[in-house]
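In case you want the letters, here they are:
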Amino acid sequence: IDAAIFLLLGLVYFAGLSLEKAVPIKSALIFISSIPTICVFILSGDINWHYGEVLSLGSIAGAILGSSLVLKEGSGKWIHGLLILVVSIEAVKIFL
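Cut-offs used in this document
- Residues numbered from 1 in each chain as written.
- Predicted model: local features only at pLDDT ≥ 70, side-chain atom pairs only at ≥ 80, totals over all residues.
- Heavy atoms only, no water.
- Helix = DSSP H or I, 4+ residues; strand = E, 2+ residues; numbered from the N terminus.
- Buried < 20%, exposed > 50% of the residue type's maximum accessible area, 1.4 Å probe, protein only.
- Contact = heavy atoms within 4.5 Å.
- Areas by Shrake-Rupley, 256 points an atom, 1.4 Å probe, with all protein chains shown as cover.
- Lys, Arg positive; Asp, Glu negative; His and termini not counted.
- Charge placed at Lys NZ, Arg CZ, Asp CG, Glu CD.
- Core = buried A, V, L, I, M, F, W, Y, C linked by side-chain atoms within 4.5 Å.
- Salt bridge = Lys/Arg side-chain N within 4 Å of Asp/Glu carboxyl O.
- pLDDT = per-residue confidence, 0-100.
- Patch = residues over 30% accessible without salt bridge, like charges linked within 9 Å, V, L, I, M, F, W, Y side chains within 5 Å.

## Considerations on the overall build of the chain
In terms of helices and strands, the chain carries four helices and zero strands. Starting at the N terminus, the α and β elements of the chain follow one another as α-α-α-α. Overall, the chain is about 45 × 30 × 25 Å in size when its C-alpha atoms are taken along their principal axes. Looking at the 96 residues of the chain, the share that counts as buried comes to 15%. The contacts of the chain with a sequence gap of at least 6 include a subset with a gap of at least 24, amounting to 51%. Element-wise, carbon and sulfur atoms account for 75% of the exposed surface of the chain, whose accessible area totals about 7200 Å². For the chain, the distance from the average position of its 5 positive side-chain charges to the average position of its 6 negative side-chain charges is 12 Å.

Given below as structure tokens:
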């Protein structure tokens, strides 16, 4: 998740993409980079499928809520502020 936040930050602030364009690009890149990892864990038998199902449902609900918020008119300013806040918190956590 941390990588996704930093990737989103880079796409929005350094590549100059809007949130509407950056989020699906970020999701595709994270998905592609996760495929080899998932394969390794499947082959080693280290996946708890029950927990994965529950986490997937939460992820789907979050994606639906997040996409509906991003698409609302005027939401860009507070979402950008929230993105900066989350990245700042993550940066502090990394260095502590």
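## What to know about the nonpolar core
By size, the foremost hydrophobic cluster in this structure holds nine residues: Leu8, Leu9, Leu11, Val12, Leu19, Ala22, Ile79, Leu83 and Val87. Counting residues per element, the ones that place at least two in this core are α1 (2-14), α2 (19-44) and α4 (76-95). Looking at which element gives the most residues to this core, the answer is α1, with four residues. Leave out the neighbours within four places in its chain, and leucine 11 touches Gly16, Leu17, Ala22, Ile25 and Lys26.

## Overview of the pattern of salt bridges
This model, assessed by the stated rule, comprises one salt bridge. The partner of lysine 93 in a salt bridge is glutamate 90, and the shortest N-O contact between them spans 3.8 Å. Pair noted here: lysine 93 and glutamate 90 are both in helix α4, with a separation of three residues, about one helical turn.

## Focus: the side chain of lysine 26
Along the polypeptide, lysine 26 turns up in helix α2. Once you skip the residues sitting within four places of it in the chain, lysine 26 turns out to touch Ala4, Leu7, Leu8 and Leu11.

## Some points on the confidence of the model for the chain
Put simply, the chain has an average pLDDT of 85, and 95% of its residues get 70 or more. The least confident element of the chain, judged by mean pLDDT, is α4 at 81; the most confident is α2 at 90.

## Details of a nonpolar patch on the surface
Taken together, the side chains of Trp78, Leu82, Leu85 and Ile89 define a hydrophobic patch exposed on the protein surface, amounting to about 390 Å² of accessible area. Here leucine 85 shows up in helix α4. With a relative accessible area of 47%, leucine 85 lands in the partly exposed category.

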